[in-house]
Amino acid sequence: MDAGARVIHVDVMDGHFVPPITIGPLIVAAIRDLVHDRGGILDCHLMIERPERQIEAFATAGADVITVHPEATPHIHYALSAIRDLGVAAGVVINPGTPVEMVEPVADIVDLCLLMSVNPGWGGQRYIPASTERLARLRELLPPEVVLEIDGGISLETIDEARDAGAQLFVAGSSVFGAPDPAQAFRTLAARL
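Now for a description of the structure that goes with this document. (Residues numbered from 1 in each chain as written. Predicted model: local features only at pLDDT ≥ 70, side-chain atom pairs only at ≥ 80, totals over all residues. Heavy atoms only, no water.)

1. Some thoughts on the overall build of the protein chain
As a reminder of what qualifies: Under the scheme used here, helices are H or I runs from DSSP no shorter than 4 residues and strands are E runs no shorter than 2 residues, and both carry numbers assigned from the N terminus. In this setup the radius of gyration rests on C-alpha atoms only. A globule is expected at 2.2 Å times the number of residues raised to 0.38. Exposure is judged per residue with a 1.4 Å probe applied to protein chains only, and the accessible area is read against the type maximum: over 50% gives exposed, under 20% gives buried, and values in between give partly exposed. Whether two residues are in contact is decided by their heavy atoms, any of which lying within 4.5 Å being enough. Shrake-Rupley sampling with a 1.4 Å probe provides the accessible areas, and residues are treated as covered by the protein chains on show and by no other component. By the counting scheme adopted, Arg and Lys are positive, Glu and Asp are negative, and His together with the chain ends is not counted. Lys charges are placed at NZ, Arg charges at CZ, Asp charges at CG and Glu charges at CD.
The number of helices and strands found in the protein chain is seven helices and seven strands. Going from N to C terminus, the protein chain has its helices and strands arranged as β-α-β-α-β-α-β-β-α-β-α-β-α-α. A compact globule built from 193 residues should have a C-alpha radius of gyration of about 16 Å, and the protein chain, at 16 Å, falls within 12% of that. The C-alpha extent of the protein chain, read off along each of the three principal axes, is 40 × 35 × 30 Å. Across the 193 residues that make up the protein chain, the buried fraction comes to 48%. Relative to all contacts within the protein chain whose residues are 6 or more apart in sequence, the contacts with residues 24 or more apart total 57%. Accessible surface computed for the protein chain: about 9,100 Å², of which carbon and sulfur atoms make up 55%. Each charge class in the protein chain can be summarised by its mean position, and for the 13 positive and 26 negative side chains these summaries are 3 Å apart.

Written out as structure tokens, the structure is:
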């Protein structure tokens, strides 16, 4: 955050929707004040089955944005509406194998659309080249006020094409935290935007 980051992307995994298990509302609550006091927001990406059962816990913990996968719930419209009803920005996530047209039924109730440019669940994967065209198609499908976010394989080699295809928010994990100087790696990426 000292380097200028204002969005902290929190990957939440349950060991079911994706094989790894990571953090939950307890950790979001633990970092909430640290992030919010510095002018940042918590973008919580729920890679969990039946996310509608956990939305309130993440909202209470301090999430500013909650994104959910259509494949994780039989009621995506309900889940997204529940997020908004709690005063949190709602996002829908599109996996590499998910048709981008899946956003059409919910395009009017989302604040953000997250395109996965890798398979969800593991860091350090390479950017899937077809993601660039999928970003451009999503930008055409979505209302202009919906933020288009991309997650996976974002680095100096991929950020320009993702930006040019319409991405506005970029999740960079390995390319930042795997660098000898994460703050400088972030600044170098941010300078491309």
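2. Topic: the side chain of Ser-117
Put simply, the test is: Any pair of N or O atoms that falls within 3.5 Å is considered a polar contact. Within protein, one atom must be able to donate a hydrogen and the other to accept it, and sequence-neighbouring residues count only if both atoms are side-chain atoms.
Turning to its location among the elements, Ser-117 is positioned in the loop between strand 5 (112-116) and helix 4 (131-141). A relative accessible area of 0% places Ser-117 in the buried class. Looking at Ser-117, its side chain comes within polar contact range of the main-chain oxygen of Gly-152, at 2.6 Å. Sequence-distant contacts of Ser-117, defined by excluding residues within four places in its chain, comprise Arg-126, Tyr-127, Ile-128, Ser-131, Ile-150, Asp-151 and Gly-152.

3. Some points on the nonpolar core
Quick reminder of the rule: Take the buried Ala, Val, Leu, Ile, Met, Phe, Trp, Tyr and Cys residues and link them wherever side-chain atoms come within 4.5 Å; each set so joined is a nonpolar core.
Within the largest apolar cluster, 48 residues are counted, with the highest numbers of intra-cluster contacts made by Ile-66, Leu-80, Cys-113, Leu-135 and Ile-150. It is helix 3 (residues 76-85) that contributes the most residues to this core, five residues altogether. The residues contacting Ile-150, other than those within four sequence positions of it, are Leu-114, Leu-115, Ser-117, Tyr-127, Leu-135, Ala-162, Ala-167, Leu-169, Phe-170 and Val-171. Of all hydrophobic cores here, the second largest spans six residues; its members include Val-65, Val-93, Leu-114 and Met-116.

4. So, a nonpolar patch on the surface
Basically, it comes down to this: Without a salt bridge and with relative accessible area above 30%, a residue can belong to a patch; like charges are then joined within 9 Å and nonpolar side chains (Val, Leu, Ile, Met, Phe, Trp, Tyr) within 5 Å. Take a side-chain nitrogen of Lys or Arg and a carboxyl oxygen of Asp or Glu: if they are within 4 Å of each other, that pair is a salt bridge.
On the surface, a cluster of nonpolar side chains totalling about 280 Å² of accessible area is made up of Ile-23, Leu-26 and Ile-27. Along the polypeptide, Ile-27 turns up in helix 1 (residues 25-36). Residue Ile-27 is classed as partly exposed on the basis of its relative accessible area of 36%.

5. Details of the pattern of salt bridges
Taken as a whole and assessed by the stated rule, the structure comprises eight salt bridges. Arg-192 is paired through a salt bridge with Asp-160; the nearest N and O atoms lie 2.7 Å apart. Of this pair, Arg-192 sits in the segment after helix 7 (182-190) while Asp-160 sits in helix 5 (residues 159-164), placing them 32 residues apart in sequence. A salt bridge links Asp-164 to Arg-163, with the shortest nitrogen-to-oxygen separation between them at 2.9 Å. Several salt bridges converge on common partners, so that one network encompasses Asp-160, Arg-163, Asp-164 and Arg-192.

6. A short note on the pairing of strand 3 (residues 65-68)
Put simply, side chains in a regular strand alternate between the two faces of the sheet. As a reminder of what qualifies: Two strands form a pair only when DSSP identifies at least two bridges running between them.
Neither face of strand 3 is exposed, since Val-65 and Thr-67 on one face and Ile-66 and Val-68 on the opposite face are all buried. Bridge count between strand 2 (residues 41-47) and strand 3: four bridges; the pairing is parallel. Bridged to Leu-46 within strand 3 is Val-68. Here four bridges tie strand 3 to strand 4 (residues 89-94), and the two strands are oriented parallel to one another.

7. Some remarks on unusual backbone geometry
Here Arg-50, not a glycine, exhibits a phi torsion of approximately 50°, which is positive. In this fold, Arg-50 is placed in the loop between strand 2 and helix 2 (55-61).

8. A short note on the sheet that holds strand 3
Test applied: Angles run from 0 to 180 degrees between N-to-C directions of axes, and those axes are lines fitted to C-alpha atoms, restricted for helices to the stretch in contact.
Spatially, seven strands are ordered 1-2-3-4-5-6-7 in an open sheet, and the strand pairing comes out parallel. Strand pairing shows two members of the sheet lacking a second neighbour, strand 1 (7-13) and strand 7 (169-171), which therefore form its edges. Strand after strand, the sheet turns through a mean of 25° between neighbouring axes, direction not considered. Where strand 5 meets strand 6 (residues 147-151), five bridges bridge the pair, whose relative direction is parallel. When the sheet's bridge partners are listed, Leu-114 is paired in strand 6 with Glu-149. Running over the sheet, helix 1 touches strand 1 and strand 2 and is turned about 150° from strand 2. Packing of helix 3 onto the sheet brings it into contact with strand 3 and strand 4, and relative to strand 4 it is tilted by some 150°.

It is worth stressing that arrangement in space is one thing and function is another; only the former is reported here.
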